[in-house]
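A structural walkthrough
One letter stands for each residue in the lines below.
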Amino acid sequence: MDKNLIIYNTLTRKKEVFEPLNPPFVGIYVCGPTVYSDVHLGNCRTFISFDLIYRYLLHLGYKVRYVRNITDAGHLEGDRDEGEDKFAKKAKLEQLEPMEIVQKYTLSFHEIMSIFNTLPPSIEPTAIGHISEQIEMIKEIIKNGYAYEKDGAVYFDVEKYSKAHPYGQLTNRKLEDLLEGTRDLSGQDEKKGRLDFALWIKSKPETLMKWPSPWGWGFPGWHIECSAMSTKYLGEQFDIHGGGMDLQATHHTNEIAQSQACSNTAPVKYWMHTNMLTVNGTRMSKSAGNGFLPGELFTGNHPLLERGYSPMVIRFFMAQSHYRSTLDFSNEALQGAEKGFYKLMKAGETLNKLTSAHESTVNIKELEENCYKAMNDDFNSPILVSHLFEAVRIINLVNDSKEMINLEDLERLKKLFKVFVFDILGLKDDLAKESSDLTGNLIDLILNLRLDAKKNKDFATSDKIRNHLTDMGVVIKDTKDGFEWEITN
Ligand code: AMP
Ligand code: ZN
C-alpha cells in the first residue's frame, strides 16, 4: 500500500496524508443522483471523478466499500423545505406513478454510468429503502435535544446545535454570517430559527409518497437520508465523503450536524468536493436548463454542439482537468480531447507491436514514478495525462528506431499503460472496437457474396473466397442457415 497519497480535505482546507481509520479498509460515501430526471453531464463529471478516486484506491490495494446512494424521495423543489415534491411533479407531468419515475431514471442512470465505464458502487442504497433508519435517527436527535416537533413536522435546531458545535465549519462560515445571508421565515413560522431545516415533513392529503412515523404521515427531509445510510453501511465515523461542491454549504453541512447531534462524533475524516462543469462559465444544472444529456453529446443532437463525441472521448476530456478545478464545456475543448484520446489509443496499439533491444535509451522507471507522483498528489489526473503523453512520445520514437528499449523496460511500459490508462483513468479503446466491428461486418459481407456464388453454382468463386479467408485465419463453417466464422489468430 502506498503511504504517499495526499488528499485535499475540504473540512480542514489542507492537503493531508491519507491515513484510513481502519486500514486496509476504506469507506467512501458519495451523494448519488436524484432520480426524477436524466443525469446531465455535470452530474456525470462528479460520478466519473469519484470513479477515478475509487479506482486508484483499489489499485493501491485498499479494500474499499464504496457507497453511492439513490435519492428517490424527500426532494422538494425549494432549497428551504418548500415547494412541490420533484418526483410527484414529474409523475404528474409524465402521467406515471412516482415509483415508475424512480425506476425509469434509475435504469437510465445505470446505463449512462456503464457507457462511461464507471465501476458500480459496492452498495447503492435508496432513501425509500431506509425510511425506518431515518426515523430512528430523527428520534435520537430529538432525544439529544437538537430537534423539535411542530405540527407533524420535525426540525433541526441549528442555533442550539451551534452553541456546542461549529455549524458552518465545512464552508468556514460563522453562524452570524450564515444568518445574515438567509431570508426571513415568511410563511414558515413553524420553524424556530431561520437556519433550521426539516428532518421530517408532514404530508398533505394529495402527497403521493408518504410513510407513517411517530409524528404522523409524512416523508423525510432530504439531508437525513445520507446521514442514516452512511452510518448504516460505513459506521458512525468513516474515511471519505464526497459530492459536488454545490452540496457543501447546505446538504453536507447539515449531514455533519445530524450525525454529530445523533452520535456525538464527527462522521467523516476527509471531505472531498468536485468542482462544477460549466457551460460558458455558468454551472450546468437541471434547473438552469443548460444541461447536456450524455445522449445528446454522443449523437451531437444539441444546438450548442457541432457534432457528436464518443463516451471515451468525453471521459478523457474530464480526466484532462483536476477534479477540484472547474471544467468549461466547449466544442474546441472536446475536439482537442478527441485528438489526444486517439493519439493515446493509437500509441497503445503501437506499443503492443514494439520489439525489444538489448539495451534501453529511455527511462521508463522515472516515467512510472512520475505517474504515481501525480496521482498521489490529490489524484492529479491532468498531470498524469501529461506523463502519459511522454509515454506516447517514447513509444513513437522507439517505433521509428530513434530510441531503444530493452525487454524489462518494454514490459514495464506495457504495464504502466494498462494500469494508468485503462485501470485507473478507466478508458477503453473504442478505436479497437470500432475496427473490430468493421472487420466483422466486412467478413459477413464477403461470406454473403460467397453464399450468392454458391446459389448460382459459381463454385470457383465460392472456393476462392473460402481459401483466401482461411489463409487470413478466418475459419468458416457452413451451416444449414448460412455460415459461421471465427478468427483463429
Ligand atoms: P443531483 O442529482 O442534482 O442531486 O446531483 C448529483 C451530483 O451531481 C451531486 O453530487 C452534485 O453535486 C453533482 N453536480 C450537479 N451539478 C454539477 C455540475 N454542473 N458539475 C459537477 N457536478 C455537479
Ligand atoms: Zn447526500
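See the structure printed just above.
Quantities reported herein were computed from a predicted structural model and do not represent experimental measurements.

**Side note on the pairing of strand β1 (residues 6-9)**
Strand direction decides the pairing type here: β1 and strand β2 (residues 14-17), joined by 4 bridges, are antiparallel. When the sheet's bridge partners are listed, Asn9 is paired in β2 with Lys14. Connecting β1 to the next strand, β2, in antiparallel fashion are 4 residues, including Arg13 with a positive phi near 55°.

**With respect to unusual backbone geometry**
With omega at 5°, the peptide bond leading from Pro23 into Pro24 counts as cis. Mapped onto the fold, Pro24 is located in the loop between β2 and β3 (25-30). For Gln95, which is not glycine, the phi torsion reads 50° and is therefore positive. Structurally, the position occupied by Gln95 is in the loop between α2 (86-94) and α3 (98-115). Phi at Asn172 takes a positive value of approximately 60°, unusual for a residue other than glycine. Accessibility expressed as a relative area gives 53% for Asn172, which makes it exposed.

**Looking at the packing of helix α10 (residues 311-319) against helix α11 (residues 331-353)**
Taken N-terminus to C-terminus, the directions of α10 and α11 make an angle of 105°; their axes are 8 Å apart at the nearest point. The angle between the axes of α10 and α11 places the two elements in the roughly perpendicular class. Across the interface between the two elements, Met312, Val313, Ile314, Phe316 and Phe317 from α10 touch Ala333, Leu334, Ala337, Glu338, Gly340, Phe341, Tyr342 and Leu344 from α11. Per-class residue counts for the contact of α10 with α11 are 11 nonpolar, 1 polar and 1 charged.

**Section: the coordination of the zinc ion (ligand 2)**
Metal coordination angles in their ideal form are 109.5 degrees for the four-donor tetrahedron and 90 or 180 degrees for the six-donor octahedron. The protein atoms that coordinate the zinc ion (ligand 2) are Cys31 (SG), Cys226 (SG) and His251 (NE2), at distances spanning 2.0 to 2.2 Å. All donors of the zinc ion (ligand 2) belong to a single chain; written as a sequence motif, their spacing is C-x194-C-x24-H. Placement of the pair is Cys31 in the loop between β3 and α1 (41-59) and His251 in helix α8 (residues 248-263), with a sequence separation of 220 residues. The pair Cys31 / His251 is uniform in exposure class, with both members buried.

**A word on the site of ligand 1**
Around ligand 1 there are 19 residues in total, and Gly42, Thr46, Asp246, Leu277 and Met284 lie nearest to it. Calculation on ligand 1 without its partners gives an accessible area of 490 Å², and the protein chains cover 93% of this total. The set of elements that each furnish at least two residues to the shell around ligand 1 consists of α1 and β9 (238-244). When residues of the shell around ligand 1 are assigned to their parent elements, the largest contribution, 4 residues, is made by α1. Among the residues forming the shell around ligand 1, the class breakdown is 7 nonpolar, 9 polar and 3 charged. Formed jointly, the shell around ligand 1 draws a minimum of three residues from each of two domains, domain 1 (6-274) and domain 2 (278-424).

**Structural notes on the nonpolar core**
Counting residues in each nonpolar core, the largest one holds 137 residues, and the members touching the most others are Leu41, Leu57, Ile141 and Phe156. Looking at which domains feed residues into this core, each of domain 1 (6-274) and domain 2 (278-424) gives three or more. The next biggest cluster of nonpolar side chains, apart from the first, holds 7 residues, and it includes Ile443, Ile465, Ile476 and Phe483.

**What about the pairing of strand β10 (residues 268-274)?**
When you tally the buried positions in β10, you get 6 out of 7 residues, the bulk of the element. Inspection of the sheet shows β9 paired to β10 by 6 bridges, in the parallel sense. Following the sheet pairing, Gly242 is matched in β10 by Met272. Assessed by its sense of winding, the connection that carries the chain from β9 through α8 to β10 is right-handed.

Rules and cut-offs
- Residues numbered from 1 in each chain as written.
- Chains lettered and ligands numbered in written order.
- Predicted model: local features only at pLDDT ≥ 70, side-chain atom pairs only at ≥ 80, totals over all residues.
- Heavy atoms only, no water.
- Pairing = 2+ DSSP bridges.
- Helix = DSSP H or I, 4+ residues; strand = E, 2+ residues; numbered from the N terminus.
- Buried < 20%, exposed > 50% of the residue type's maximum accessible area, 1.4 Å probe, protein only.
- Axes fitted to C-alpha atoms, helices over the stretch in contact; angles between N-to-C directions.
- Parallel < 35°, antiparallel > 145°, perpendicular 65-115°, else oblique.
- Contact = heavy atoms within 4.5 Å.
- Nonpolar A, V, L, I, M, F, W, Y, C, P; charged D, E, K, R; others polar.
- Donors = N, O, S within 2.8 Å, 3.2 Å for Na, K, Ca; no water.
- Near = heavy atom within 4 Å.
- Areas by Shrake-Rupley, 256 points an atom, 1.4 Å probe, with all protein chains shown as cover.
- Domains from an automatic or database assignment.
- Core = buried A, V, L, I, M, F, W, Y, C linked by side-chain atoms within 4.5 Å.
- Right-handed = clockwise from strand over helix to strand, strands pointing away.

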